[in-house]
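Notes for the structure review
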Amino acid sequence: MSGFDNTSETVRAVTATTTLTANDYVLLADPSGGAITVNLPAVATTQPGRTYWVRTTGTTNAVTLDGNASETIDGSATKALASGAIHAVKIVSDGTAWFTLASF
């Protein structure tokens, strides 16, 4: 949530590799300058039920989510968002791993 009120969700835009923080909710990833890796925080430091949205801008370069250390996303070390069109994924932590709730 943002600091403005209890109904706003934070939005951050990036053009390079980044790590999601406790302040993030929506991450807008613009890989037009090259591929971007979005590093996930450790699930041990993330409250179970914590969600993030990651959305691409539709360029030809890749955006890849990467679990912390050996942590997984749907059982895999990484999750790639297809390039060439606008794609997004919503992930959630259960306290031990990350899982996809929605994607397009």
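Description of the structure in this document. For clarity, every value in this text was computed on a predicted model and none was experimentally measured.

Calculation rules
Residues numbered from 1 in each chain as written. Predicted model: local features only at pLDDT ≥ 70, side-chain atom pairs only at ≥ 80, totals over all residues. Heavy atoms only, no water. Salt bridge = Lys/Arg side-chain N within 4 Å of Asp/Glu carboxyl O. Buried < 20%, exposed > 50% of the residue type's maximum accessible area, 1.4 Å probe, protein only. Phe/Tyr/Trp six-rings, centres within 6.5 Å; stacked < 30°, edge-to-face > 60°. Helix = DSSP H or I, 4+ residues; strand = E, 2+ residues; numbered from the N terminus. Lys NZ or Arg CZ within 6 Å of the ring centre and 35° of its normal. Contact = heavy atoms within 4.5 Å.

1. Section: the pattern of salt bridges
- Here the structure, examined in full by the defined rule, presents two salt bridges.
- Lysine 79 serves as the salt-bridge partner of aspartate 74, at 3.8 Å between the closest nitrogen and oxygen.
- Residue aspartate 74 is classed as partly exposed on the basis of its relative accessible area of 37%.
- Owing to a relative accessible area of 22%, lysine 79 belongs among the partly exposed residues under this scheme.

2. Details of the packing of aromatic side chains
- Under the counting rule described, the total for this entry stands at one aromatic pair.
- A centroid spacing of 5.8 Å and a plane angle of 50° characterise the contact between tyrosine 52 and tryptophan 98, whose relative ring orientation is tilted. Taken as a pair, tyrosine 52 in strand 5 (residues 51–56) and tryptophan 98 in strand 9 (residues 98–103) lie far apart in primary sequence, 46 residues in all. The pair formed by tyrosine 52 and tryptophan 98 is uniform in burial state, with each residue classed as buried.
- In this arrangement the basic side chain of arginine 50 is found over the ring face of tyrosine 52, its NZ or CZ atom lying 4.1 Å from the centre.

3. Points about the environment of threonine 78
- Mapped onto the secondary structure, threonine 78 falls in strand 7 (residues 78–81).
- Separated by 13 residues in the primary sequence, threonine 78 and leucine 65 have C-alpha atoms spaced 5.5 Å apart.
- Aside from chain neighbours lying at most four places away, what touches threonine 78 is Thr64, Leu65, Asp66 and Ile73.

Shape descriptors only; they carry no functional weight alone.
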